[in-house]
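Examination of the molecular architecture
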Amino acid sequence: MSSSIGGLDRRNFLRGTGIAALAIFGTGALAACTSAVSEQKSAGDNAAPVRGGTLKVGTPVDIVPGNLLTNTGATPAVIGLVYETLTRYPNDKLEPAPRLAKSWNLAPDGLSLAVELRDDVKFHSGRPFTSKDVEFSLRTYADPKWSAQLKSTAAAITTFDTSAPHRIVLQFAHPLGNIFDLLDTAPILDSESIEQLATGDKFVGTGPFKLTQRIPNTQLIFEKNEQYWVPERPYLDRVEVAIIPDSQALVNSLKSGQIALAHDLNYRDNENLAKNSGFKTIDYEGAELQLYVGANVQDPALADVRLRQVVAYAIDRERIIAEVFRGSGYPLNLPWPKTSPAFDGNRNTKYARDLTKAKQLLAQLPKPPKLPLTYETSTPYYESAAQIVQANLAEIGVEVTLDPIDSATFIKRLVGAQFPGLWITDHSWAQFVPSTLTVSAYPFNARKNASHYESPAYVTAADAAWQVTQGTGPEAVRAYQTLSEQLLDGLFLIEIGARFKQVATASKVHGLSWTKRRETVLTDAFLA
């Protein structure tokens, strides 16, 4: 797969990638796979591995320990290095491959799953990994204290049989079409240091690197895990992550060689860096994010779905993808990326830009007040996208006030459903089994979401999609069609489009890979 940001390669990938409906519920036929290569690799890299060295990384935001299970902020950087999961999807399909689990067997009725575990894994503390650690981790993931986004799926596990140290049997309250999403996502946590994890004082996992030092809002330092279960890995001795909030400073640090990998640069900066032979830009294909405008439906004006339709018809999605993301994505009306079993090209044209329709609907309504549009300042493209949305709405006579806030405050408002009007950000999880999005993600959760949207029909559709036995099978696809109709009718979230997360690296960085959650994986990374 090309790591170029060129649109042609990306479009060919999206056309050529089939819907992932392969059988994922057998006995884990991939059990022989023990290496860390089930995720996407940056391609065209034939450099011979070199051992040792320190990779210096820059990222705009620090980790918030209490958000470790939310996949927000700098969490993917820590999770991808320190922690591991039972299974891992490859980036282009929903077919789980072994990680800490060697194999598994899902009962025909979908009500239980038996998992065989590796017996050669140790935590960074030296303690052996066992089935009790799986139970502890999944129970912790279900604990509302941690605000994990798949906690409803974890909570549907009713019993844990850990009578064998390297085998666990999970019983479910009902079939879980997204059970492997949970096993792919929930990190295996250390019960002995969980209190120190909550305060940010200690992060103990089974992954290729140990977090040895953390200076809040300044630096994270990781050292090679000498007891890692994958032979001869990792190659690197050390990873240093610098927190660099200013986008231009982040670019300058990469250009000057102070860092060799930069997260969350402006897409235009990535585009320019890719033209320089000393750097490369990598799209995290298969780990799409979806940009959207959310609406608090308790706001008197936004409570009328017609005003939300006005916004949907007014947004120039093509311009945002072209200008803000430099073509690294594609417009959508629904959350599902093109590789999803829920993707439907016809439904994605329902709210194509149409200013005439927007004005006709607006004429039926009282003049709306100025609407706040909140965005987070840590990532430069949110502001650019918000400005385009503001200009689009101004064209039809709807005034919007931009409301920039810091990342920590934004996440607090998202989790706590505290936005006063409109907001713009990304959501994830749509690249997984589609039901995960509507029973889990804060913006979409049918029972409690950031928009305060309530609909018995939406709850019914979300539950029906979730409780199928095979999350990519024909029954599930039919359920996703119903779910899509509910999302288009309710329109409490207004999709703009999918985009690929990008990282920019110096040309000396090789072997970089990633998960579907955009966790950067450096197990096979080296400097040469």
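Thresholds applied
Residues numbered from 1 in each chain as written. Predicted model: local features only at pLDDT ≥ 70, side-chain atom pairs only at ≥ 80, totals over all residues. Heavy atoms only, no water. Axes fitted to C-alpha atoms, helices over the stretch in contact; angles between N-to-C directions. Helix = DSSP H or I, 4+ residues; strand = E, 2+ residues; numbered from the N terminus. Parallel < 35°, antiparallel > 145°, perpendicular 65-115°, else oblique. Left-handed = near helix turned anticlockwise from the far one by under 90°. Contact = heavy atoms within 4.5 Å. Nonpolar A, V, L, I, M, F, W, Y, C, P; charged D, E, K, R; others polar. Expected span 1.5 Å × (residues − 1). Buried < 20%, exposed > 50% of the residue type's maximum accessible area, 1.4 Å probe, protein only. Phe/Tyr/Trp six-rings, centres within 6.5 Å; stacked < 30°, edge-to-face > 60°. Pairing = 2+ DSSP bridges. Salt bridge = Lys/Arg side-chain N within 4 Å of Asp/Glu carboxyl O.

**Here we look at the packing of helix H9 (residues 305-314) against helix H11 (residues 355-363)**
It is the contact of H9 with H11, at a shortest axis distance of 8 Å, that shows an interaxial angle of 160°. Considered as vectors, H9 and H11 are oriented roughly antiparallel to each other. Considering the relative orientation of H9 and H11, their crossing is left-handed. Counted together, Arg 306, Leu 307, Gln 309, Val 310, Tyr 313 and Ala 314 of H9 and Leu 355, Lys 357, Ala 358, Leu 361 and Leu 362 of H11 form the full contact between these two elements. Split by residue class, the contact of H9 with H11 holds eight nonpolar, one polar and two charged.

**Quick look at helix H3 (residues 131-142)**
Since the α-helix advances by 3.6 residues per turn, residues separated by three or four positions end up pointing in the same direction. The end-to-end C-alpha separation of H3 is 17 Å, in line with the 16 Å expected for twelve residues at 1.5 Å each. In terms of burial, H3 is a largely internal element, nine of the twelve residues being buried. Of all the residues in H3, the buried ones are Ser 131, Asp 133, Val 134, Glu 135, Ser 137, Leu 138, Thr 140, Tyr 141 and Ala 142.

**Some points on the packing of aromatic side chains**
Evaluation of the coordinates by the stated rule reveals 17 aromatic pairs. Between Tyr 228 and Trp 229, the aromatic rings sit 5.7 Å apart at their centres with planes inclined by 55°, giving tilted as the arrangement. Using a relative accessible area of 8% as the deciding quantity, one classes Trp 229 as buried. The structure contains a cluster of three or more aromatic residues connected by ring pairs, namely Tyr 267, Phe 325, Tyr 381 and Tyr 382.

**What about helix H15 (residues 456-466)?**
Listed as buried for H15 are Tyr 458, Val 459, Ala 461, Ala 462, Asp 463, Ala 465 and Trp 466. Contacts made by the buried residues of H15 are with helix H4 (151-155), helix H14 (435-440) and helix H16 (474-490).

**What about the sheet that holds strand S9 (residues 209-215)?**
Note on sheets: strands pair through backbone hydrogen bonds, and any given pair is parallel or antiparallel. Taking strand neighbours across the sheet as the criterion, the seven strands line up as S9-S10-S11-S2-S12-S20-S13 in an open arrangement whose pairing is mixed. Whereas interior strands pair on both sides, the edge strands pair on one side only; in this sheet they are S9 and strand S13 (279-283). For this sheet, the mean angle separating the axes of adjacent strands, direction not counted, is 20°. Pairing analysis gives two bridges linking strand S2 (residues 54-59) to strand S12 (residues 261-263), with the strands arranged parallel. The residue bridging Gly 58 from the neighbouring strand is Ala 262, located in S12.

**Here we look at the pattern of salt bridges**
Taken as a whole, this structure holds 27 salt bridges when the rule is applied. One salt bridge in this structure joins Asp 264 and Lys 501, with 3.6 Å as the shortest N-O distance. One end of the pair, Asp 264, is in the loop between S12 and helix H8 (267-274); the other, Lys 501, is in the loop between strand S19 (493-499) and strand S20 (502-506), with 237 residues separating them in the sequence. Lys 501 shares its class with Asp 264; the two are buried. Here Asp 344 makes a salt bridge to Arg 347, at a shortest N to O gap of 2.4 Å. For Asp 344, a relative accessible area of 17% puts it in the buried group.

Note that every value here comes from positions in space, so none of it alone points to a role or purpose.
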